[in-house]
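What follows is the residue order along each chain.
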Amino acid sequence: MTSDHVTLIQQTQMDPHYDAQDVARCDLCEIAIVQSYCDFCHVNLCKPCIGEHISDDYSTKHIIVPFQQRRSTPIYPKCEKHPNKSCKLQCKDCNIFLCTDCLASEQHNKEHKLSKLEEVFHQKKDHIHRDKKELKEELLPVYEEIATEIKNQIANLDVDYRKITTQMSKHREELHREVDNVMNQREKEIDENKLKHLSILTKHLEEIKQLQSLMQESLHSLKEMEESNEVTPTIHYSSKNQEFSKLPPKVIVSMPKFIPKPIEKEELCSLIGKLVPLSTTLEERVFTPKRPNTSFRELLDKPEVLNTIKTGQEKLRSVTCLNGEEIWTSGETTADIKCFNTQGVLQKTIKTKSGSWPNDIAVYSDCALVYSDWSQGTVYKVKNGKTEEIIRLQGWRPTQLCVTFSGDLLVTMFSEDKTQSKVARYSGSTVKQTIQFDDDGQPLFSGNDYIKFITENRNLDICVADWGAGAVVVVNQAGKLRFRYTGHPSSNKNKPFEPIGIKTDSQSRILISDCKNHCIHVLDVVGQFLCFIDICDLKNPTGLCVNNDDSLFVCEGLKGNMRKIRYLK
């Protein structure tokens, strides 16, 4: 080992930023930290080993670049007519690659238009990147939604057909024994229709899965091409996204109907009624790419407090509002859910049915209030002074709530043995979706009874602040992991990141309250840190709410105050 190697290793061991488990090593000495890269041979190199690598074969045109710039140098194709030359030009008229010797010779037409391969290469790279992003973030999720829709139809077939069977059975009882044979015939027709219905939907689902598989293959190929620096396959790349953007037609199968008639024994066969058979139509689906928000509002350099409401609630936890006229708050020490106007005047108070403090509160678009009661494993809805139970869980405890843009209710919950956590989407009292594991079968959220705060973004991402894990977990509408955020380093924020509240605004920014560091983190839609909302006298922020005009309401947990803050221009 050379003295250069010894010095480099000693410096590396003294550097706290290097971790022996996650840094790349030199491929030659296998000890020193990699600093350079041969972009021709694809070899990791430390500085002392560069000379050794080059000396192995002087006939090779090694390309040594900083490690951070690896695979950035295009590898040009060899000229067929001049083997020692590389082609860096392309004739647009002949559609062939040319080297400088080709241009100097008399064999090629001087009037033909030329293009630089480097420019074409980078243009294609950009196209590949855009196609990969569109395929992954827009097209695949649409197909996942289509597949989920069909699966739900299949799952509901038994229930839907059971309703018809039940209706027919009631009519059958009225007709007595005389109609049994005819009724059995009708039941057979239902079963045949059900099998046909199932066959149609299953076939359509298989077609969708095949298309999804083709897109996954295409996505894999695009990823390989994106990482490759081979010019020829990149130049010949042709996009398939236009084909995938032509969505398959939507199969609509109408349910059969049983039409009973008055009972007359002489005409039993005709009076029993008939079953309207399945009818299948195709409804065209049109893929609509997502458009960015055009009414962009910038962040203020210095956010300002517009109002402070003293709620009188100890350990203030939650705040929610629909239009800013009615502001609902709740805390950990009382069963009271209070409603204030914008001036901070108490308008009304609602008590939880069990007398326990509510874990969270939310408001539907019709102004109905909903709250979770973990002690009872229930979720209640309050409207016009009447309280009704809409969800009762078995083996799970509900915590945080979010009313989605579509009117569904997202509920975070943990298992009674405190080993699992998940998110469930409800339509009324019916579970439509469960989000718990990633594609590898690993839990998305920490398995404990720490509260998981939740909100929905304008792009329909589901954002969960996992207090116990010290992370924000963001999944798309289908429940696929998009990214995690674990805080942003700051010299004056030295406490561990423990997200204890989360909301999004009209710009799809994500706002996260960091209680111990007395601030609010602001992220963009892809999870990049933008800034802190760090007002000097803001203490222990917990629950958050953003109303329709992007006013931010912040609970101060220990003070029991609710702050209204302006943070956008």
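In case you missed it, the structure is sitting above this.
Because the structure is predicted, anything quoted here is derived from the model rather than measured.

Caption draft 1: Structural view of the side chain of Arg 425. Looking at where Arg 425 falls in the secondary structure, it is placed in strand β22 (residues 421–427). Judged by relative accessible area, which is 6%, Arg 425 ranks as buried.

Caption draft 2: Molecular detail of the state of the cysteines. One pass over the structure, following the stated rule, counts 0 disulfides. No disulfide involves Cys 367; its nearest neighbouring cysteine sulfur is the one of Cys 339, lying 9.8 Å away. You can call Cys 367 partly exposed: its relative accessible area is 44%. Of the cysteine sulfurs around Cys 555, a residue in no disulfide, the closest is that of Cys 545, at 9.0 Å.

Caption draft 3: Representation of the sheet that holds strand β2 (residues 43–45) within the structure. Here we have 3 strands laid out as an open sheet, ordered β2-β1-β3, and antiparallel in their pairing. Each edge of the sheet is formed by a strand with only one pairing partner; in this case those strands are β2 and β3 (64–66). Sheet twist, expressed as the mean angle between neighbouring strand axes with direction ignored, is 35°. Bridging between strand β1 (residues 36–38) and β3 involves 3 bridges; their strand directions are antiparallel. Pairing of Ser 36 across the sheet is with Pro 66, part of β3.

Caption draft 4: Structural detail: unusual backbone geometry. Positioned with a positive phi, Lys 315 is a non-glycine residue whose angle comes to about 50°. Here Lys 315 is to be found in the loop between β11 (299–310) and β12 (316–321). Unusually for a residue other than glycine, Asn 540 sits at a positive phi of about 50°. Tracing the sequence through the fold places Asn 540 in the loop between β31 (529–533) and β32 (541–546). By relative accessible area, which is 17% here, Asn 540 ends up buried.

Caption draft 5: Region of interest: the sheet that holds strand β29 (residues 510–514). Pairing in this open sheet of 4 strands is antiparallel, and the strands run β28-β29-β30-β31 from one edge to the other. Strand pairing shows two members of the sheet lacking a second neighbour, β28 (499–504) and β31, which therefore form its edges. Ignoring strand direction, the axes of neighbouring strands in this sheet form an average angle of 20°. In terms of strand pairing, β29 meets strand β30 (residues 519–523) through 5 bridges, oriented antiparallel. Residue pairing in the sheet places Ser 513 in a bridge with Ile 520 of β30.

Caption draft 6: How the structure looks around the packing of aromatic side chains. Tallied over the full model, the rule gives 4 aromatic pairs. On the basis of an interplanar angle of 25° and a centroid distance of 5.4 Å, the ring pair of Tyr 371 and Tyr 380 is categorised as stacked. Its relative accessible area of 0% is what places Tyr 371 among the buried residues. Considering the side-chain rings of Tyr 485 and Phe 497, the 5.6 Å spacing of their centres and the 80° angle between planes classify their relative orientation as edge-to-face. Placement of the pair is Tyr 485 in strand β27 (residues 481–485) and Phe 497 in the loop between β27 and β28, with a sequence separation of 12 residues. When its relative accessible area of 5% is taken as the criterion, Tyr 485 is described as buried. You can call Phe 497 buried: its relative accessible area is 11%. Positioned over the ring face of Phe 67 is Arg 70, at 4.0 Å from the centre of the ring. Sitting above the plane of the Trp 396 ring, Lys 422 keeps its charged end 4.1 Å from the centroid.

Caption draft 7: Inspection of a positive patch on the surface at higher detail. Together, Lys 61, Lys 78, Lys 85 and Lys 88 make up a region of like positive charge exposed at the surface. Topologically, Lys 85 is positioned in the loop between β3 and β4 (89–91). Overall, Lys 85 belongs to the partly exposed group, its relative accessible area being 33%.

Rules of the game
- Residues numbered from 1 in each chain as written.
- Predicted model: local features only at pLDDT ≥ 70, side-chain atom pairs only at ≥ 80, totals over all residues.
- Heavy atoms only, no water.
- Helix = DSSP H or I, 4+ residues; strand = E, 2+ residues; numbered from the N terminus.
- Buried < 20%, exposed > 50% of the residue type's maximum accessible area, 1.4 Å probe, protein only.
- Disulfide = S-S within 2.5 Å.
- Pairing = 2+ DSSP bridges.
- Axes fitted to C-alpha atoms, helices over the stretch in contact; angles between N-to-C directions.
- Phe/Tyr/Trp six-rings, centres within 6.5 Å; stacked < 30°, edge-to-face > 60°.
- Lys NZ or Arg CZ within 6 Å of the ring centre and 35° of its normal.
- Patch = residues over 30% accessible without salt bridge, like charges linked within 9 Å, V, L, I, M, F, W, Y side chains within 5 Å.
- Areas by Shrake-Rupley, 256 points an atom, 1.4 Å probe, with all protein chains shown as cover.
- Salt bridge = Lys/Arg side-chain N within 4 Å of Asp/Glu carboxyl O.
- Lys, Arg positive; Asp, Glu negative; His and termini not counted.
- Charge placed at Lys NZ, Arg CZ, Asp CG, Glu CD.

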